[in-house]
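# Report on the structure
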Amino acid sequence: MTATSTRYVQFFDGGIAPEHDLLGGKCASLVTMTAAGMPVPPGFAVTTATYDEFIESTGLSELIAEQLAGLDADDVTSVDRASQLIRDRICESPVPEHLRQAVIDAWAELQGRFSEPVPVAVRSSATAEDLPDASFAGQQDTYLWLIDEADVHQHIRMCWASLYTSRAIMYRLKNNIEDEGLSMAVAVQKMVSAESAGVAITMNPSTGDRSKIVIDASWGIGEAVVSGHVTPDNIMLDKIMTTIVSEHIGDKHIELVPDPAQRGLIELEVDEARRRVRCLSDAQVMQVAELAKRAEKHYGTPQDIEWAIDRDLPAGENLLLLQARPETIHSNKPQEPKAVTATIGVSSLTSMLTGSIRIPNQ
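Predicted, not measured: the structure shown is a model, and the values here were computed from it.

### Description of the overall build of the protein chain
Scanning the protein chain from N- to C-terminus turns up 11 helices and 14 strands. The burial tally for the protein chain puts 54% of its 362 residues in the buried class. Within the protein chain, counting contacts between residues at least 6 apart in sequence, those at least 24 apart form 70% of the total. Looking at the protein chain as shown, the accessible area adds up to about 15,200 Å², and 50% of this sits on carbon and sulfur atoms.

Okay, structure coming up:
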């Protein structure tokens, strides 16, 4: 079945061009990776055209311009006040019916691909994020394990509103990024039921050494890793030989797992035995490293990737690529490889990868 894409909604596998201005950084990456045959969970983008028309038709563009005019990044109180007002109005203003219908139709088409309803993640995809010269990762929100269609609609608006959190406003002010022309797409993507998950970067983020791959991994859904809530396993590999150079077994004291009864995610304590062992087998470590290398080769620049091992898929087919973005700290500097034996903490990765993660109460 051919995916149905429109000006307002575009499926990742719809055969569309990955237009950054229409899809934002995250969705454009998901479209590109899907087209390249990488193992990306299915979903669709609510395009910037939807956001732009919503903002214009409701008169919010004038309100936003008024609230942001003359703001000082050091005046936290004023920034907070403007942020709250803008976000409240975005979440409260009615979405025109033709825009809502486009999302309704796409939701029905996505769910129709499966034998039973599947939960989704709703992720922001701003036009200013994931650019090679500006690390915008983490400035907007992600919401997990949504099942109800009405919740999906509401959380799309919450992603739109997250374009104007105090943190995002101050980031743009301090980095001289214009608000004019800024827009937001939203990814609606099938959730992964992860037995383990994490991040990988195709260089040593502590030194910029491009001959290494560093993997952080933990039990359960990967947001526990990227949010810094657990100390994950940390594995460094030689990129050419794909052999382990060093590793540190993290405590991994909690995991986020799906709870069908509560129709959401719950946080569980990890038993002592699983804390003490690596959450990836040797074969899985190599698979994650190869996937990261594949992403780097495709994009032609060092990548940060988010990945997961899906417990519902057969071995050998259960490694999924959730996101890939260019590394922005070291990539534009001259390469200076160094022999490194020390492991890194999760903070060095999460500072580049973490988003504002929200797990809705169901």
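### Looking at the packing of helix 2 (residues 48–57) against helix 3 (residues 60–68)
Look at helix 2 against helix 3: their axes get within 5 Å of each other, and the N-to-C directions meet at 85°. Overall, the two elements helix 2 and helix 3 adopt an arrangement that is roughly perpendicular. Counting all contacts with helix 2, which are made through Tyr51, Phe54, Ile55 and Glu56, the residues of helix 3 involved are Leu60, Ser61 and Ile64.

### Observations regarding the confidence of the model for the protein chain
Mean pLDDT over the protein chain works out to 87, with 87% of the residues at or above the 70 mark. Confidence scores differ between elements of the protein chain, with helix 11 (residues 347–353) showing the lowest mean pLDDT of 35 and strand 8 (residues 233–238) the highest of 98. Ignoring residues within four places in sequence, the model shows residues 130–139, a span with pLDDT below 50, making 34 contacts including any to other chains. This stretch, residues 336–357, has a pLDDT under 50; its non-local contacts, to residues over four places away or in other chains, come to 59 contacts.

### Thoughts on the side chain of glutamine 303
Examined against the element boundaries, glutamine 303 turns out to sit in strand 12 (residues 303–310). There is a polar contact of 3.3 Å between the side chain of glutamine 303 and the backbone oxygen of threonine 301. Contact partners of glutamine 303, with chain neighbours within four places excluded, come to Ala200, Ile201, Thr202, Ala295, Glu296, Ala324, Arg325, Pro326 and Glu327.

### Here's the deal with the nonpolar core
Judged by nonpolar contacts, the single largest core of 79 residues is most densely connected at Trp160, Ile215 and Trp307. Top element by residues in this core is helix 1 (residues 20–35). It accounts for seven residues. When residues no more than four places from it in sequence are discounted, the contact partners of tryptophan 160 are Val46, Thr50, Tyr51, Phe54, Ile90, Val95, Met184 and Val186. In this structure, Ala121, Ile221, Val225 and Ala308 belong to the second largest nonpolar core, which totals 19 residues.

### What to know about helix 10 (residues 282–299)
Along its 18 residues, helix 10 runs 26 Å from first to last C-alpha, staying within 8% of the 26 Å computed at 1.5 Å per residue. Residues of helix 10 that are buried include every one of Gln284, Val285, Val288, Ala289, Leu291, Ala292, Ala295 and Glu296, and no others. Seen along its axis, helix 10 keeps its buried residues to an arc of 155°; they face one direction. Backbone geometry just after helix 10 places glycine 300 at a positive phi near 75°.

### Here's the deal with the packing of aromatic side chains
Tallied over the entire structure, the rule returns three aromatic pairs. Look at phenylalanine 11 and phenylalanine 44: their rings are 5.4 Å apart centre to centre, the planes differ by 50°, and that puts the pair in the tilted class. Linking phenylalanine 11 in strand 1 (residues 9–11) with phenylalanine 44 in strand 2 (residues 43–46), this pair joins segments that are 33 residues apart in sequence. Its relative accessible area of 0% is what places phenylalanine 44 among the buried residues.

### A few points about helix 3
Within the span of helix 3, buried status applies to Leu60, Leu63, Ile64 and Leu68. Down the axis of helix 3, the buried set is contained in an arc of 120°. They therefore lie on one face. As for helix 3, its buried residues are in contact with helix 2, helix 4 (76–92) and helix 7 (166–174). Residue glycine 70 follows helix 3 closely and has a positive phi angle near 75°.

### A short note on the pairing of strand 12
With eight of its eight residues buried, strand 12 lies for the most part within the structure. Examined bridge by bridge, strand 6 (residues 194–201) and strand 12 share seven bridges and lie antiparallel to one another. Across the sheet, residue valine 199 finds its bridge partner in strand 12, namely glutamate 306. Summarising the sheet, strand 12 and strand 13 (residues 319–326) pair through seven bridges and their orientation is antiparallel. Looking at strand 13, one finds that aspartate 304 is bridged to arginine 325.

### Comments concerning the pattern of salt bridges
Enumeration according to the criterion identifies 16 salt bridges in this entry. With its nearest N and O atoms 3.5 Å apart, the salt bridge here joins aspartate 271 to arginine 274. Aspartate 271 gets classed as partly exposed once you look at its relative accessible area, which sits at 40%. Ionic pairing is found between glutamate 272 and arginine 276, a salt bridge with its closest N-O pair at 3.0 Å. Linked through salt bridges whose partners overlap, the residues forming this network are Glu247, Arg278 and Asp282.

Analysis parameters
- Going along each chain's sequence as written, the residues are numbered from 1 onward.
- Only residues with pLDDT of 70 or above have their local features reported here, since the model is predicted, and side-chain atom pairs are shown and tallied only from 80 upward, although totals for entire chains, interfaces and linings are computed over all residues.
- Water and hydrogen atoms were dropped before computing side-chain values, which therefore reflect all heavy atoms in the structure.
- Helix and strand definitions follow DSSP, with helices as H or I runs of at least four residues and strands as E runs of at least two, each counted in order from the N terminus.
- Any residue under 20% of the maximum accessible area for its type is buried, any over 50% is exposed, and the rest in between are partly exposed; the area is computed with a 1.4 Å probe on protein chains only.
- Residue contacts are defined here by distance: any two heavy atoms, one from each residue, within 4.5 Å place the two residues in contact.
- Shrake-Rupley sampling with a 1.4 Å probe provides the accessible areas, and residues are treated as covered by the protein chains on show and by no other component.
- All axes are obtained by fitting lines to C-alpha atoms, using only the stretch in contact for helices, and the reported angles, taken between N-to-C directions, cover 0 to 180 degrees.
- Working rule for angles: under 35 degrees goes down as roughly parallel, over 145 as roughly antiparallel, 65 to 115 as roughly perpendicular, anything else as oblique.
- Confidence per residue, as judged by the predictor, is encoded in pLDDT with a range of 0 to 100.
- A 3.5 Å cut-off defines polar contacts: any pair of N or O atoms within that distance qualifies, except that in protein one atom must be a possible hydrogen donor and the other a possible acceptor, and neighbouring residues in sequence count only when both atoms are side-chain atoms.
- Each nonpolar core is a collection of buried residues, namely Ala, Val, Leu, Ile, Met, Phe, Trp, Tyr and Cys, held together in the definition by side-chain atoms within 4.5 Å.
- Helices are assigned an expected span. That span is 1.5 Å times one less than the residue count.
- Each C-beta atom gives one direction from the helix axis, and the arc is the one those directions make.
- Each Phe, Tyr or Trp ring, with Trp reduced to its six-membered ring, pairs with another whose centre is within 6.5 Å; inter-plane angles below 30 degrees give stacked pairs, above 60 give edge-to-face pairs, and intermediate values give tilted ones.
- Following DSSP output, two strands are said to pair if at least two bridges run between them.
- Definition used for salt bridges: Asp or Glu carboxyl oxygen within 4 Å of a side-chain nitrogen of Lys or Arg.

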